[in-house]
Amino acid sequence: MENVMGQRINTTLAARDINQKELSKLVSAEGVKLSEATLSDIINNVDKGYSYKIFVEISKQLNVSADYLFGISDVMTSDKD
C-alpha cells in the first residue's frame, strides 16, 4: 500500500523548511503530545491507532487540509487565498 500521508508530510516539511523535530514540538506545544518517534512512525506508515487529534494538529501546523494528508484530496488547503 502506498504511503501517501508520509510522502505528503515529508514534501510539506521540505516546502516549509522545517524538520520532523520542529513539527513534533509545534504540535506538542498545542497540547497534543507528539513525540519524534510517533511522528516517524506516522510518516513510515506504522499504524498504532493514533488519535485523530494528532492528524488535525499536524494539518494545522503544516497549513494543509487533513483530507490532503490522508490522500482524499489533492488540494493542499481549503484557503480561498
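A quick note: this is a predicted structure, and the numbers were derived from the prediction, not measured. (Residues numbered from 1 in each chain as written. Predicted model: local features only at pLDDT ≥ 70, side-chain atom pairs only at ≥ 80, totals over all residues. Heavy atoms only, no water.)

> An account of the overall build of the protein is requested, with residue identities and associated values reported.
In terms of helices and strands, the protein carries five helices and zero strands. Ordering the α and β elements of the protein from the N terminus gives α-α-α-α-α. Over its C-alpha atoms the protein spans a radius of gyration of 12 Å, differing by no more than 12% from the 12 Å that the globule rule assigns to 81 residues. Across its three principal axes, the protein shows a C-alpha extent of roughly 30 × 30 × 20 Å. Looking at the protein residue by residue over its 81 residues, the buried ones come to 33%. For the protein, the share of sequence-separated contacts (at least 6 apart) that also reach a separation of at least 24 residues comes to 47%. Working note: accessible area of the protein is about 5300 Å², and carbon and sulfur atoms make up 49% of it. For the protein, the distance from the average position of its 9 positive side-chain charges to the average position of its 12 negative side-chain charges is 6 Å. (Helix = DSSP H or I, 4+ residues; strand = E, 2+ residues; numbered from the N terminus. Rg over C-alpha atoms; globule rule 2.2 N^0.38 Å. Buried < 20%, exposed > 50% of the residue type's maximum accessible area, 1.4 Å probe, protein only. Contact = heavy atoms within 4.5 Å. Areas by Shrake-Rupley, 256 points an atom, 1.4 Å probe, with all protein chains shown as cover. Lys, Arg positive; Asp, Glu negative; His and termini not counted. Charge placed at Lys NZ, Arg CZ, Asp CG, Glu CD.)

> Requested: an account of the side chain of Arg8, with residues and values cited.
Counting through the fold element by element, Arg8 comes out in helix α1 (residues 4-16). Within polar-contact distance, the side chain of Arg8 engages the side chain of Asp74 at 2.6 Å. What Arg8 contacts, discounting residues up to four positions off in sequence, is Tyr68, Leu69, Gly71, Ser73 and Asp74. (Polar contact = N/O pair within 3.5 Å; in protein donor to acceptor, adjacent residues only side chain to side chain.)

Without other data, these values stay purely geometric and don't point to any function.
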